[in-house]
Amino acid sequence: MTTIEKVLYTGKTHTTGGRDGASRSSDSHLDIKLSPPGTGAGTNPEQLFAAGWSACFIGAMGLAARKMNVALPSDVAVDAEVDLATSEGGYLLQARLNVSLPGVDRETARAVVDGAHQTCPYSKATRGNIGVTIELV
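In this report, we go over the structure that sits alongside the text. (Residues numbered from 1 in each chain as written. Predicted model: local features only at pLDDT ≥ 70, side-chain atom pairs only at ≥ 80, totals over all residues. Heavy atoms only, no water.)

Moving on: the sheet that holds strand 5 (residues 90-100). Spatial strand order, 4-5-6: three strands in an open sheet with mixed pairing. Strands at the two margins of the open sheet, each flanked by one partner only, are strand 4 (77-87) and strand 6 (131-136). Ignoring which end each strand starts from, the neighbouring axes of this sheet average 15 degrees apart. Bridging between strand 4 and strand 5 involves 11 bridges; their strand directions are antiparallel. (Pairing = 2+ DSSP bridges. Helix = DSSP H or I, 4+ residues; strand = E, 2+ residues; numbered from the N terminus. Axes fitted to C-alpha atoms, helices over the stretch in contact; angles between N-to-C directions.)

Let's shift gears to the pattern of salt bridges. Per the stated rule, a full pass over the model turns up five salt bridges. For the salt bridge of aspartate 31 with arginine 24, the shortest nitrogen-to-oxygen distance reads 3.2 Å. As a salt-bridge pair, glutamate 81 and arginine 96 come within 2.6 Å of each other at their nearest N and O atoms. Of this pair, glutamate 81 sits in strand 4 while arginine 96 sits in strand 5, and the two are 15 residues apart along the sequence. Sharing partners across several salt bridges, the network here consists of Glu81, Asp83 and Arg96. (Salt bridge = Lys/Arg side-chain N within 4 Å of Asp/Glu carboxyl O.)

Before going further, it helps to examine unusual backbone geometry. Even without being glycine, serine 28 reaches a positive phi, approximately 65 degrees. Along the polypeptide, serine 28 turns up in the loop between strand 2 (22-25) and strand 3 (31-33). The backbone of glutamate 88 sits at a positive phi, close to 50 degrees, despite the residue not being glycine.

Tracing the sequence through the fold places glutamate 46 in helix 1 (residues 45-67). Glutamate 46 gets classed as buried once you look at its relative accessible area, which sits at 8%. Leave out the neighbours within four places in its chain, and glutamate 46 touches Arg19, Pro37, Val82, Leu84 and Leu93. (Buried < 20%, exposed > 50% of the residue type's maximum accessible area, 1.4 Å probe, protein only. Contact = heavy atoms within 4.5 Å.)

Core analysis: the biggest nonpolar cluster contains 22 residues, and Phe57, Met61, Val99, Leu101 and Val113 have the highest contact counts within it. Of all the secondary-structure elements, those providing two or more residues to this core are helix 1, strand 4, strand 5, helix 2 (106-119) and strand 6. No other element matches the seven residues that helix 1 contributes to this core. Residues contacting leucine 101, with those up to four places away along its chain left out, are Met61, Leu72, Pro73, Val76, Ala109, Val112, Val113 and Leu136. (Core = buried A, V, L, I, M, F, W, Y, C linked by side-chain atoms within 4.5 Å.)

Okay, the pairing of strand 1 (residues 13-16) next. Where strand 1 and strand 2 come together, four bridges link them in antiparallel fashion. The residue of strand 2 that forms the bridge with threonine 13 is serine 25. Count of turn residues in the strand 1/strand 2 antiparallel hairpin: five residues, of which glycine 17 carries a positive phi of about 80 degrees.

Now for helix 1. In this model, helix 1 (23 residues) spans 33 Å end to end at C-alpha, consistent with the 33 Å of a helix rising 1.5 Å per residue. Elements in contact with the buried residues of helix 1: strand 4, strand 5, helix 2, helix 3 (121-126) and strand 6. The distance from a side-chain oxygen at the start of helix 1 to the backbone nitrogen of glutamate 46 is 3.1 Å, and the residue carrying that oxygen is asparagine 44. At the exit of helix 1 stands asparagine 69, carrying a positive phi of roughly 55 degrees. (Expected span 1.5 Å × (residues − 1). Polar contact = N/O pair within 3.5 Å; in protein donor to acceptor, adjacent residues only side chain to side chain.)

Note that all results are geometric; they support no functional claim without further evidence.
Pasting the structure below:
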């Protein structure tokens, strides 16, 4: 495991009730109702994970693009899909990131995406732990 040199930020939440509960951040910017997937009026952990990963991945693409002297389009987008699944009586996740880089040639876009996947903290955390597919769309 890599040794951390400096902590840049710590996200803090207080969650009650699990998938049928609520979660609130220490700064109150996040205050949400939780519901199991496909039920209720709240969001679920899979949606939250998809939102966090896709936002972080766009930031990592920006870093990769700057290193390559490539301008990212203003309408760059990542559609993240996180599946909650079962296997051998247990639960697991798998994910797909569908990346849109309009106006960037495919070879350059692939290099940006590959670079982002190497530096994005979410990508690092999931590597070798869940199935991940990254597609250019």
